[in-house]
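# Architecture and fold: a report
Each chain, letter by letter, is given below.
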Amino acid sequence: MPQFMDVHHNMAGLTEEGLKAAHDADLAIQGDENVIFKHAWADPEAGVVYCLSEAPSQEAVQRIHERAGHPADEIHAVPFVV
């Protein structure tokens, strides 16, 4: 299944607990779109969050994030990893 890296901006001040809660919200409904969220990273000073997922499409990733209350600002395909 394709992998995607999505980016959320304007998340300044996000705490580790807040990131975990947002990630858990995605995990709770990810199966509805056949998405598997693998990892999430945050830089609270820069206000940026990154999420890595496997999904059938970018649109599926966005639908889960929208339903969980935090739509992505960018979603990028990750065709290969070294």
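Parameters at a glance
- Residues numbered from 1 in each chain as written.
- Predicted model: local features only at pLDDT ≥ 70, side-chain atom pairs only at ≥ 80, totals over all residues.
- Heavy atoms only, no water.
- Helix = DSSP H or I, 4+ residues; strand = E, 2+ residues; numbered from the N terminus.
- Rg over C-alpha atoms; globule rule 2.2 N^0.38 Å.
- Areas by Shrake-Rupley, 256 points an atom, 1.4 Å probe, with all protein chains shown as cover.
- Salt bridge = Lys/Arg side-chain N within 4 Å of Asp/Glu carboxyl O.
- Buried < 20%, exposed > 50% of the residue type's maximum accessible area, 1.4 Å probe, protein only.
- Pairing = 2+ DSSP bridges.
- Axes fitted to C-alpha atoms, helices over the stretch in contact; angles between N-to-C directions.
- Contact = heavy atoms within 4.5 Å.
- Core = buried A, V, L, I, M, F, W, Y, C linked by side-chain atoms within 4.5 Å.

## A closer look at the overall build of the protein chain
Looking only at helices and strands, one finds two helices and four strands in the protein chain. Listing each helix as α and each strand as β along the protein chain from the N terminus yields β-α-β-β-α-β. The C-alpha radius of gyration computed for the protein chain amounts to 12 Å, which stays within 12% of the reference 12 Å derived for 82 residues, consistent with globular compactness. Seen through its C-alpha atoms, the protein chain measures out along the principal axes to roughly 35 × 30 × 20 Å. A total of about 4,800 Å² of accessible surface is found on the protein chain, and carbon and sulfur atoms cover 55% of it.

## A few points about the pattern of salt bridges
Within this structure, the stated rule accounts for four salt bridges. Residue Asp-24 is joined to Lys-20 by a salt bridge in which the shortest nitrogen-to-oxygen separation is 2.8 Å. Of this pair, Asp-24 and Lys-20 both sit in helix H1 (residues 16-29), four residues apart, roughly one helical turn. Residue classification places Asp-24 among the partly exposed residues on the basis of a relative accessible area of 32%. The residue Arg-63 makes a salt bridge to Glu-33 at a minimum N-O spacing of 2.9 Å. Linking Arg-63 in helix H2 (residues 58-68) with Glu-33 in the loop between H1 and strand S2 (36-43), this pair joins segments that are 30 residues apart in sequence.

## Observations regarding the sheet that holds strand S1 (residues 3-8)
Strand pairing in a sheet takes place through backbone hydrogen bonds and is either antiparallel or parallel in direction. Pairing in this open sheet of four strands is antiparallel, and the strands run S2-S3-S1-S4 from one edge to the other. The outermost strands of the open sheet, each flanked by one partner alone, are S2 and strand S4 (74-78). Within this sheet the neighbouring strands show an average axis-to-axis angle of 20°, counted without direction. Of the strand pairs in this sheet, S1 and strand S3 (residues 48-54) are connected by six bridges, and their pairing is antiparallel. Bridge pairing in S3 places Gln-3 opposite Glu-54. Across the sheet, H1 lies against S2 and S3, angled at about 160° from S2, the strand it touches most.

## Comments concerning the nonpolar core
Counting ten residues, the largest nonpolar core is built from Phe-4, Ile-29, Val-35, Phe-37, Ala-55, Ala-60, Val-61, Ile-64, Ala-72 and Ile-75. Counting residues per element, this core draws most heavily on H2, at three residues. Not counting chain neighbours up to four residues away, the residues in contact with Ile-29 comprise Ile-64, Arg-67 and Ala-68.

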